[in-house]
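Now for the letters of each chain:
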Amino acid sequence: MERVSLLPNNATASREGLPSRSTARVEALAKLPVFWGLEGKRVVLAGGTEGACWKAELLAACGAEVHVYAPDDTLCDVFADMLLRHAEDSAAGRARGTFVHHPQAWTAGIMPGAALAIADCEEEDEARAFYEAAVAAGVPVNVIDKPAFCQFQFGSIVNRSPVVVAISTDGAAPILAQAIRRRIETLLPQSIKGWSMLAQSLRDAVSARLHPGPERRAFWERFVDRAFTSVPTAESAADLVAEADRLAARRRETRGGPGLGKVTLVGAGPGDAELLTLKAVRALQAADVILFDDLVSGDVLELARREAKRMLVGKRGGRTSCKQEDINAMMVTFAKAGKTVVRLKSGDPMVFGRAGEEIACLEAHGIPVDVVPGITAASALASRLGVSLTHRDHTHAVRFITGHSRKGCLPTDVDWRACADPRTTTVFYMGGRTAPAIAERLMAEGMSGAMPVVIASNISRAEERRWHGTVSTMHIGISEIGYDNPVLIGVGSVFPRGSAESDMVAPNDITDFQPQRIAI
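Numbers given for residues are sequential positions, taken from 1 along each chain in its written order. Predicted model: local features are reported for residues with pLDDT of at least 70 only, side-chain atom pairs are reported and counted for 80 or more only, and whole-chain, interface and lining totals are derived from all residues. Only hydrogens and water are removed before side-chain values are computed, so all heavy atoms of the structure are retained for them.

### So, the packing of aromatic side chains
How two aromatic rings sit relative to each other is given by the distance of their centres and the angle of their planes. To be explicit about the condition: When two rings of Phe, Tyr or Trp (its six-membered ring) have centres within 6.5 Å they constitute a pair, described as stacked for plane angles under 30 degrees, edge-to-face for angles over 60, and tilted for the intermediate range. Comment: elements are numbered from the N terminus, with helices defined as DSSP H or I runs of at least four residues and strands as E runs of at least two. Using a 1.4 Å probe on the protein chains alone, a residue whose accessible area is under 20% of its type maximum counts as buried, one over 50% counts as exposed, and one in between counts as partly exposed. By definition, being over a ring means that NZ of Lys or CZ of Arg is both within 6 Å of the ring centre and within 35 degrees of the ring normal.
Counted by the stated rule, this structure contains nine aromatic pairs. Between Y131 and F149 the ring centres are 5.8 Å apart and the planes differ by 55°, which places this aromatic pair in the tilted class. Here the residue Y131 occupies a position in helix 3 (residues 124-136), and F149 occupies one in the loop between strand 6 (141-143) and strand 7 (156-160), the gap between them amounting to 18 residues. Judged by its relative accessible area of 23%, Y131 falls in the partly exposed class. The exposure class of F149 is buried, given its relative accessible area of 8%. An aromatic cluster of three or more residues is present, and its members are W195, F219, W220 and F223. A cation over a ring is seen here: K55 above F154, with NZ or CZ 5.0 Å from the ring centre.

Pasting the structure below:
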């Protein structure tokens, strides 16, 4: 993954007053998730408890040769029954992995050459001794339920092998990991196992037919579409090989060229990544190039494909910005090079997002373009306030209006008399710098100065701030909220009434609870 900032004269975001963005490819990890091949490897396991039994079954399921060190009188009934059943299955050729039971306590001599060492030790001294013996032999070690003596951890598992999903909370909340596993279980159909096995069997055939890069990725994206919408059949393999042949034929028709890519305009919503649509996430994970606005949150970008080139094409009022013509040219250039391009826009791309200009440009060059809608800021504001923008007892219409013209001043081509209608809810986008002028114009057209107003910035983000007041005090509100960050102004009787005051709130009162951000 690359991240490139496209600003005039190679100016950096921080120098021009734009929010700085981390260049790290991956956020900090508590532990490195590693899937370890154990087929035919010797693993030592000390202890005969039920906890040790579960670890033994897990290791055997990976094809390991599990050496169990536990005197007969310490082997619990569950463990003894499991060993007996496994022996019967092995005789019938149905078992995976092997068990060797040593009816004796472990010693340091069992460690050398082992792939892993696991123990269930009741006493702290024994746990420490086991840990030190394994470390001295250079064997990765885990003592069950004793984090101080663990070099690695076992996570909760969703098993659709060869698809395996493991969840870890770094030992902080095992119950949470189990809850996450249950959620994932409901999302992954059982048929994924069959599709993943089919993918294994087809990989060589596909690699022989299709070139690395966009061509193969296009094939596997279509494969994924099938995997989540159907069950594999006897004809699936032949159908997929035929699909690979069609893609290869298309390449030959274009004389080995990359072919034409596509562009998807994706709404990133107001900032909270949980407000993204599933289709938006799919588009981000399929992208070769992501051209993103400055207002797109880092949490949203974190969901994108790691290998995608990310290019900041920020456009902010009153600040150095990438020209629209340059953005159009980049989309055309990348698409003609065969790339899958995502134009990632804050909110909804079809609401004050210049989507019409970009679509017209792409269509003029014959480039396929799709649109994935997003939650616009006005909808997010309504949900955060718990109000409906329309109400049969108060308002019968809602208007979304840009707060400034191309020249940066109050727009002159707006029907201000209609905006002053007390039965209409009006939401002004990008109106921070013109807020006082908006208030004056509304009152000049007959709106009461007591009409409720809410001004909000950074909606749905950790830095969200809101001010409640009236049209006549709107100039006070914008001075408190400021306009360095995205500002939305809501005017209408649907909004809460009250004296002029501001507050700062966290976007999720449970998962993002931070006391210093509540009600100042």
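### What to know about helix 14 (residues 435-444)
Defined as follows: By arc we mean the arc of the directions from the helix axis to the C-beta atoms, nothing more. Note on contacts: a residue pair qualifies if any of its non-hydrogen atoms lie within 4.5 Å across the two residues.
Every buried residue of helix 14 is listed here: A435, I438, A439 and L442. One face of helix 14 carries all of its buried residues, which in axial projection span an arc of 100°. Of the exposed residues in helix 14, those oriented more than 90 degrees away from the buried face are E440 and A444. Next to the buried residues of helix 14 lie helix 13 (416-419), strand 15 (424-429), helix 15 (474-481) and strand 18 (487-491).

### Considering the environment of T425
Here is the rule we go by: A 3.5 Å cut-off defines polar contacts: any pair of N or O atoms within that distance qualifies, except that in protein one atom must be a possible hydrogen donor and the other a possible acceptor, and neighbouring residues in sequence count only when both atoms are side-chain atoms.
Following the sequence through the fold, T425 ends up in strand 15. Of the residues examined, T425 reaches a relative accessible area of 0% and is grouped as buried. Counting along the chain gives 65 residues from T425 to G490, while the straight-line C-alpha distance between them is 7.4 Å. Look past the residues within four positions of T425 in its chain and what remains in contact with it is L389, T395, A397, V398, R399, V491, V494 and F495. Only 2.7 Å separates the side chain of T425 from the backbone oxygen of L389, close enough to count as a polar contact.

### Remarks on the sheet that holds strand 6
Operational definition: We treat two strands as partners when DSSP finds at least two bridges between them. Orientation is described by axes fitted as lines to C-alpha atoms, over the contacting stretch for helices, and by angles from 0 to 180 degrees between their N-to-C directions.
Pairing in this open sheet of five strands is parallel, and the strands run 4-3-2-5-6 from one edge to the other. Two strands in the sheet have a free side with no partner beyond their single neighbour: strand 4 (98-102) and strand 6. On average, each strand axis in the sheet is tilted by 15° relative to the strand beside it, whichever way the strands run. Note: strand 2 (residues 42-46) against strand 5 (residues 116-119), four bridges, orientation parallel. From the neighbouring strand, V44 faces strand 5, where its bridge partner is A117. In this fold helix 1 (residues 50-61) packs onto strand 2, strand 3 (65-69), strand 4 and strand 5, with an angle of close to 170° to the strand it touches most, strand 2. The sheet contacts of helix 3 involve strand 2, strand 5 and strand 6, and relative to strand 6 the element is tilted by about 175°.

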